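Residues per chain are reported as follows:
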Amino acid sequence: MSDSAASGPVFVVGAGPSGLAAAHRLNKQGRQVVVLERRDRVGGQLLTVKRDGFLMETGATVLPEAYAAVMRLVDEIGMRDALIPSNSLMGFVRDQTLHLLRADNLALDAARTKLLSVRAKFQVVKLAIDALRIGKLLSYEDLSIASAYDRETPAAYAARRGIDGELYDYLIEPTVRAGAGVPGDVISVVEFFFLWQKVLGTKLFAFRDGYSSFMQRLAAPLDVRLGVTVEEVIERPDGVEITWTGPDGQHTETGAGAIVSSMGNEVPDLLPQLEPDRAAFLRDLRYTSCININVGLSRPPAGMPASFVVFPRPSSDALFAIIAEHNKAPGRAPAGKGLIGLYSMNEWAVEHADDDDDAVLAGLLRDAEPLMPGVADQIEFVRVNRWYPVLVYSHPGLYRELGRFHATRRRGGRIHLAGSYNSSGNVNTAVAAGERSARELAEALTIAARRPVMLARRPVGAG
């Protein structure tokens, strides 16, 4: 490789929120950036679809004000006026009755709600004390900071603290289901506290033209190549070498550095130089699945004022949430019509992965019908979205393993990793991971530019 490689472009693998955030930061520093994306669009799991006057989110649907990294990007690219306040009413189901709580006033409304008995409300004090203890350790950038608490599931935690029963059934586990799409007896309790404090309990916003408008604006000034599959990224003493396949065949290019923002379990196949222990951690990451259905309705369902309805296990094994998009923000459905999203649990999605669209719709509507009587007769169209992978399945102990994974990363390397597996999966986590990888790669390239190229071979890997 030559000096032109060391001063060449930085390659970013993946044009989801993490990759685009990294590319944006590097581009703002004046670096040449090339983004390689295998899909035919930018955005990753963020996708807005418009149809017959309906505006549908097929992936993430709201923007909590607590997503500070995303909010900074929104301001930087001049999209603050594209945000509109979202209806913050959340509905928690108990015995087919809907209990309403405001997302930005959860503590106050939880004290007043009939969702919980007086006894259960007193138990909330224990939950609040524990949340206060762990709160400062809950990081969007690296959740391994909270690894000391990563030793049990939410179910085991609730039993140990004597807050199982109705507090667990109707508040703790529904929070886990709503945020992760899995039951509360399989993932880390750290996940629950993160969702409770870093996602819920804040003002909510939506993009006027959908999440895709944000991704497209972020990508607009960048060199983004779509329909490109990256095969391999190799670090050399004076740069990187990347091999990719596009519509016109295979290519190999050289550059100064690279950021890989693929799903964690795909990374080892792209980086043959990755240290065995670090590769093993990534390969072992398990991801969840989700089937979500956008349903256009001839009229809004009666008696459904909430934007988000969360289902506990006693009410449904299939659904974890209904999102009433027509309540969430203006412009989601034509006047007088309704738009809802049905979201499946991971286990149900895996079990019904081979079902046709009609069977999937019938299965999820079965549990939604008691809250929205007659909704099946109001359907104008459906769009079935099948997502895999979605979020990391965070078994107890995962964040302790993540801490060891981060401790062994090469800060001075020319290849750095991004992706939402660094914390509880969400858009803000992905953005924070991308920004950190861009920051650390920029530091490494600045240092490398100040020293002569070492010709002797040395072990290389990924940061």
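Keep in mind it's a predicted model, so treat the numbers as computed, not measured. (Residues numbered from 1 in each chain as written. Predicted model: local features only at pLDDT ≥ 70, side-chain atom pairs only at ≥ 80, totals over all residues. Heavy atoms only, no water.)

Each helix and strand counted, the protein has 16 helices and 20 strands in total. For the protein, the C-alpha radius of gyration of 23 Å lies close to 23 Å, the compact-globule estimate for 463 residues. Across its three principal axes, the protein shows a C-alpha extent of roughly 70 × 50 × 40 Å. Taken across its 463 residues, the protein has 59% of its residues classed as buried. Just so you have it, the protein exposes about 18600 Å², and 51% of that area is on carbon and sulfur atoms. The positive charge centre, built from 52 side chains, and the negative charge centre, built from 54, are 7 Å apart in the protein. (Helix = DSSP H or I, 4+ residues; strand = E, 2+ residues; numbered from the N terminus. Rg over C-alpha atoms; globule rule 2.2 N^0.38 Å. Buried < 20%, exposed > 50% of the residue type's maximum accessible area, 1.4 Å probe, protein only. Areas by Shrake-Rupley, 256 points an atom, 1.4 Å probe, with all protein chains shown as cover. Lys, Arg positive; Asp, Glu negative; His and termini not counted. Charge placed at Lys NZ, Arg CZ, Asp CG, Glu CD.)

Moving on, we come to the domain arrangement of the protein. Considered domain by domain, the protein is made up of domain 1 (5-40 + 226-285 + 395-456), domain 2 (46-103 + 202-209 + 287-392) and domain 3 (105-200). Computed from C-alpha atoms alone, the centre-to-centre distance between domain 1 and domain 3 is 33 Å. On the side of domain 3, 19 residues touch domain 1, which itself brings 19 residues to the contact. Summing both partners gives a buried area of about 1500 Å² for domain 1 against domain 3, and 51% of it is carried by carbon and sulfur. Among the residues of domain 1 in contact with domain 3, Pro-396, Tyr-399 and Arg-400 are the three that bury the most area, contributing 40% of the side total. (Domains from an automatic or database assignment. Contact = heavy atoms within 4.5 Å. Buried area = accessible area lost by both parts, 1.4 Å probe.)

Looking now at the nonpolar core. Formed by 148 residues in total, the largest nonpolar core has its most connected members in Phe-214 and Leu-342. With eight residues, helix 8 (residues 189-199) is the single largest residue contributor to this core. Excluding residues that lie within four positions of it along the chain, Leu-342 makes contacts with Ile-291, Asn-292, Ile-293, Val-295, Leu-319, Ala-321, Ile-322, Leu-361, Leu-364, Leu-365 and Ala-368. Formed by seven residues, the second largest nonpolar core is a distinct cluster that contains Leu-47, Phe-54, Ala-333 and Leu-339. (Core = buried A, V, L, I, M, F, W, Y, C linked by side-chain atoms within 4.5 Å.)

A word on the environment of Leu-271. Along the polypeptide, Leu-271 turns up in the loop between helix 10 (267-270) and helix 11 (276-283). Residue classification places Leu-271 among the buried residues on the basis of a relative accessible area of 3%. In this structure the C-alpha to C-alpha distance between Leu-271 and Arg-177, which are 94 residues apart in sequence, comes to 34 Å.

Oppositely charged side chains can form a pair if their charged atoms are brought close together. Counting across every chain of the model gives 25 salt bridges. The residue Lys-328 makes a salt bridge to Glu-325 at a minimum N-O spacing of 2.7 Å. Taken together, the residues span about one helical turn, with Lys-328 and Glu-325 both in helix 12 (residues 325-328) at a distance of three residues. Summarising the burial analysis for this pair, Lys-328 and Glu-325 share the class buried. (Salt bridge = Lys/Arg side-chain N within 4 Å of Asp/Glu carboxyl O.)

Sheet strands pair by backbone hydrogen bonding; their relative direction is either parallel or antiparallel. Reading across from one edge, 10-2-1-14-20 is the order of the five strands in this open sheet, with parallel pairing throughout. Of all the strands in the sheet, the pair left with one neighbour each is strand 10 (223-226) and strand 20 (415-417). This sheet shows a mean twist of 20° between the axes of neighbouring strands, independent of strand direction. Here strand 2 (residues 33-37) runs beside strand 10; their pairing, made up of four bridges, is parallel. Within the sheet, the bridge partner assigned to Leu-36 lies in strand 10 and is Arg-225. Sheet strands in contact with helix 2 (residues 17-28) are strand 1 (10-13), strand 2 and strand 14 (257-260), and its direction is about 170° off that of strand 2. (Pairing = 2+ DSSP bridges. Axes fitted to C-alpha atoms, helices over the stretch in contact; angles between N-to-C directions.)

Looking now at the pairing of strand 3 (residues 48-51). Summarising the sheet, strand 3 and strand 4 (residues 54-57) pair through four bridges and their orientation is antiparallel. Bridge pairing in strand 4 links Arg-51 to Phe-54.

With that settled, consider the packing of aromatic side chains. This model, assessed by the stated rule, comprises ten aromatic pairs. When the centroid spacing of 6.0 Å and the interplanar angle of 45° are considered together, the rings of Phe-320 and Tyr-343 count as tilted. Taken together, the positions of Phe-320 in strand 17 (residues 319-324) and Tyr-343 in strand 18 (residues 338-344) put the pair 23 residues apart, joining distant regions of the chain. Cation over ring: Arg-278 sits above Phe-405, and NZ or CZ is 4.1 Å from the ring centre. (Phe/Tyr/Trp six-rings, centres within 6.5 Å; stacked < 30°, edge-to-face > 60°. Lys NZ or Arg CZ within 6 Å of the ring centre and 35° of its normal.)

All right, on to the sheet that holds strand 9 (residues 204-207) then. Ordered by their spatial adjacency, three strands build an open sheet running 5-9-6, and the pairing between neighbours is antiparallel. The open sheet has two edge strands with one neighbour each: strand 5 (63-64) and strand 6 (83-85). Alignment of strand 6 against strand 9, held across three bridges, turns out to be antiparallel. Its bridge partner lying in strand 9, Ile-84 is registered against Ala-206.

Let us now look at the side chain of Glu-440. For Glu-440, a relative accessible area of 5% puts it in the buried group. Separated by 2.6 Å, the side chains of Glu-440 and Arg-409 make a polar contact. A polar contact of 3.2 Å, which involves the side chain of Glu-440, links it to the side chain of Arg-411. Other than its neighbours up to four places away in sequence, Glu-440 contacts Arg-409, Arg-411 and His-416. (Polar contact = N/O pair within 3.5 Å; in protein donor to acceptor, adjacent residues only side chain to side chain.)

Moving on, we come to the packing of helix 7 (residues 166-180) against helix 8. Where helix 7 meets helix 8, the axes come as close as 9 Å, and the angle between the chain directions of the two elements is 85°. Classified by the angle between their axes, helix 7 and helix 8 sit roughly perpendicular to one another. Contact residues: Leu-171, Ile-172, Thr-175, Val-176, Gly-179 and Ala-180 in helix 7; Phe-192, Leu-195 and Trp-196 in helix 8. Each residue belonging to the contact of helix 7 with helix 8 can be placed in one class, and the counts come to seven nonpolar, two polar and no charged. (Parallel < 35°, antiparallel > 145°, perpendicular 65-115°, else oblique. Nonpolar A, V, L, I, M, F, W, Y, C, P; charged D, E, K, R; others polar.)

Another aspect to go through is the packing of helix 5 (residues 118-135) against helix 7. At a minimum axis separation of 10 Å, helix 5 and helix 7 run at an interaxial angle of 60°. What the angle tells us is that helix 5 and helix 7 run oblique. Judged by the twist between their axes, the crossing of helix 5 over helix 7 is right-handed. Across from Ala-120, Gln-123, Val-124 and Leu-127 in helix 5, the residues of helix 7 making contact are Glu-166, Leu-167 and Ile-172. For the contact of helix 5 with helix 7, a count of residues per class yields five nonpolar, one polar and one charged. (Left-handed = near helix turned anticlockwise from the far one by under 90°.)

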